[in-house]
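# Secondary and tertiary structure notes
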Amino acid sequence: MNRFRNFRMAVLPLAAALLLCLAAGSLTGCAKLKKWTGLGGETQAPSPEDLARKGMDEFNHGGYHDAIDDFQKLKDQHPFSNYSLLAELKIADSKYYLEDYEEARTLYEDFEKNHPANEAVPYVLFQIGMCYFKRIGTIDRDPAGATESIQAFSRLLRTFPQSPYTQEATARINEARNFLAAHELYVAKFYLRTGSVEQGASRLEYLLATFPESKPAPEARELLAAVRAGHPPG
């Protein structure tokens, strides 16, 4: 899993760089906000660049709630700023790291819908897949997260086969397929254990037809052979 953690650390800076390339100006460093004062000495609202810089500083230091506040202010106060795209994406990223996967997925999907030609879309599609992937639980639970993550990652591979996320998406698909196979094996064993031999054999056949190269496949073959030989496990 170290490979995955290292990859995740590289993903977000790349996405940020893609968006910043679209901005008229750059967010260099994490300098403190400038103090803006009017003629009467009153403090004026920070510029979009200041809010973006502050939001990125909070985000990079794990202050995701504060980052959301800063990027939301940027969107609300400067909706037509060159940094508004950055704000949209980093709010979604912050939600993801706060483990609010449903909200993050919705925000990523909105970004794709509203900016289909943006260079960050491959990253966004990958993150949509990850939001589903994070819903995968134990083999005795609903496997919908695994199924939906496979669909999302497969769409990324079809749409952007040469993206920087191809290798990681492929690995996640394989993990999800192994999980689904393990789930089928769990259900099959339950049927066999409770005397529902036909149902158990049917689930084993489905597993082997759908996930023939999965990690649980060898055990499924042995079980199915025993069932066909008239010696189902009790």
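Note: the structure precedes this text.
Residues numbered from 1 in each chain as written. Predicted model: local features only at pLDDT ≥ 70, side-chain atom pairs only at ≥ 80, totals over all residues. Heavy atoms only, no water.

Right, let's get into the nonpolar core. Tyr108 and Leu204 are the most contacted members of the largest nonpolar core, which has 44 residues in total. For this core, the secondary-structure elements that each account for two or more residues are α4 (84-97), α5 (101-114), α6 (121-133), α7 (144-159), α8 (166-193), α9 (197-210) and α10 (217-228). For this core, the element with the highest residue contribution is α6, accounting for 10 residues. Once you skip the residues sitting within four places of it in the chain, Tyr108 turns out to touch Leu89, Ala92, Asp93, Tyr96, Tyr123, Val124, Gln127, Ile128 and Cys131. In this structure, Leu51, Phe71, Leu74 and Leu86 belong to the second largest nonpolar core, which totals 12 residues. (Core = buried A, V, L, I, M, F, W, Y, C linked by side-chain atoms within 4.5 Å. Buried < 20%, exposed > 50% of the residue type's maximum accessible area, 1.4 Å probe, protein only. Helix = DSSP H or I, 4+ residues; strand = E, 2+ residues; numbered from the N terminus. Contact = heavy atoms within 4.5 Å.)

With that settled, consider the environment of Ala217. Structurally, Ala217 can be placed in helix α10. Looking at Ala217, the relative accessible area reads 0%, which means it is buried. On a C-alpha basis, the gap between Ala217 and Leu207 in space is 7.2 Å, while along the polypeptide they are 10 residues apart.

Next up on the list: the environment of Pro122. Within the secondary structure layout, Pro122 lies in helix α6. Overall, Pro122 belongs to the buried group, its relative accessible area being 11%. Along the primary structure Pro122 and Leu156 are separated by 34 residues, whereas in three dimensions their C-alpha atoms are 6.6 Å apart. Setting aside its immediate chain neighbours within four residues, Pro122 contacts Leu156, Phe160, Ser163 and Tyr165.

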